[in-house]
Amino acid sequence: MSTIFKKIIDKEIPAQIIYETDKVLAFKDINPQAPVHVLIIPKKEIPSVREVDTSEDAGLMNELIAAANKIAKELGIFDSGFRLVFNAGKDGGQDVYHLHLHLLGGRKMTWPPG
Ligand code: 5GP
């Protein structure tokens, strides 16, 4: 089932897009939890990290990581550090069931996460 992120991919609803390739899209989170909070998503509709086909989607997952590093550099948080998060399912705190990688930075992260 499609989510709001599919509408962002299809440009049916606006988002602050900061990176786009034929397979990947990144945009600013609407409710940022840090000075930098970017969502990096595959255009392929995969509900969560649990449904990733680790053979078929290996290249795609690599692209998400590569995009995160590139964006972190562009936004000036690469050297200071950042956090990458995949929330999965109810207990993981996932709200949108279209796979997304959170890139968080610009402040010191705490551990353990809430
Ligand atoms: P999750 O909780 O599923 O891991 O993260 C979903 C994220 O998507 C949340 O951080 C939330 O703020 C963000 N989000 C939800 N709807 C929208 C939207 O329409 N636009 C943008 N830019 N972010 C959204």
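This section reports on the structure supplied with the text. Chains are numbered independently. Their residues run from 1 in the order of the written sequence. Where totals are concerned, whole chains, interfaces and linings use all residues; where local detail is concerned, this predicted model gives features only for residues with pLDDT of at least 70, and gives and counts side-chain atom pairs only at 80 or more. Side-chain metrics rest on all non-hydrogen atoms present in the structure, leaving aside hydrogens and water.

To qualify as a helix, a DSSP run of H or I must reach at least 4 residues; to qualify as a strand, a run of E must reach at least 2; elements of each kind are numbered from the N terminus. Helix and strand counts for the protein come out as three helices and five strands. What you see in the protein, going N to C, is helices and strands ordered as α-β-β-β-α-β-α-β. As defined in this context, the radius of gyration uses C-alpha atoms, and a globule is described by 2.2 Å times the residue total to the power 0.38. For a compact globule of 114 residues, the expected C-alpha radius of gyration is about 13 Å, and the protein comes in at 14 Å, within 12% of that figure. Summarising its shape, the C-alpha atoms of the protein cover approximately 35 × 30 × 30 Å along the three principal directions. Any two residues whose heavy atoms approach within 4.5 Å are treated as being in contact. For the protein, contacts bridging at least 24 residues in sequence account for 55% of all contacts bridging at least 6. Surface accessibility in these figures is a Shrake-Rupley result with a 1.4 Å probe; residues are shielded only by whichever protein chains are displayed. Accessible surface, the protein as shown: approximately 6900 Å² in total, 53% of it carbon and sulfur. Taking the average location of the 14 positive side-chain charges in the protein and that of its 15 negative ones, the two points are 5 Å from each other. By the counting rule applied here, Lys and Arg register as positive and Asp and Glu as negative, while His and the ends of each chain are not counted. For this purpose, a charge sits on NZ of Lys, CZ of Arg, CG of Asp or CD of Glu.

Glancing now at the layout of surface pockets. Lining residues are defined by having an atom within 4 Å of a point belonging to a cavity or pocket. Those points lie on a 1 Å grid over the protein atoms alone, cavities being sets where a 1.4 Å probe fits but cannot get out and pockets being open sets with protein on both sides within 12 Å along at least five of seven lines. Grid points are joined across faces, edges and corners, and a volume is the space filled by probe spheres set on the points. As a volume, the largest pocket reaches approximately 620 Å³. Taken together, 27 residues line the largest pocket, and the ones lying closest to its centre are Asp-29, His-37, Leu-39, His-100 and His-102. Among the secondary structure elements, those contributing two or more residues to the lining of the largest pocket are helix H1 (4–9), strand E2 (24–28), strand E3 (36–42), helix H3 (89–92) and strand E5 (101–105). It is H1 that contributes the most residues to the lining of the largest pocket, three residues altogether. In this classification, Asp, Glu, Lys and Arg are treated as charged, Ala, Val, Leu, Ile, Met, Phe, Trp, Tyr, Cys and Pro as nonpolar, and every other residue, Gly included, as polar. When its residues are assigned to classes, the lining of the largest pocket shows twelve nonpolar, eleven polar and four charged.

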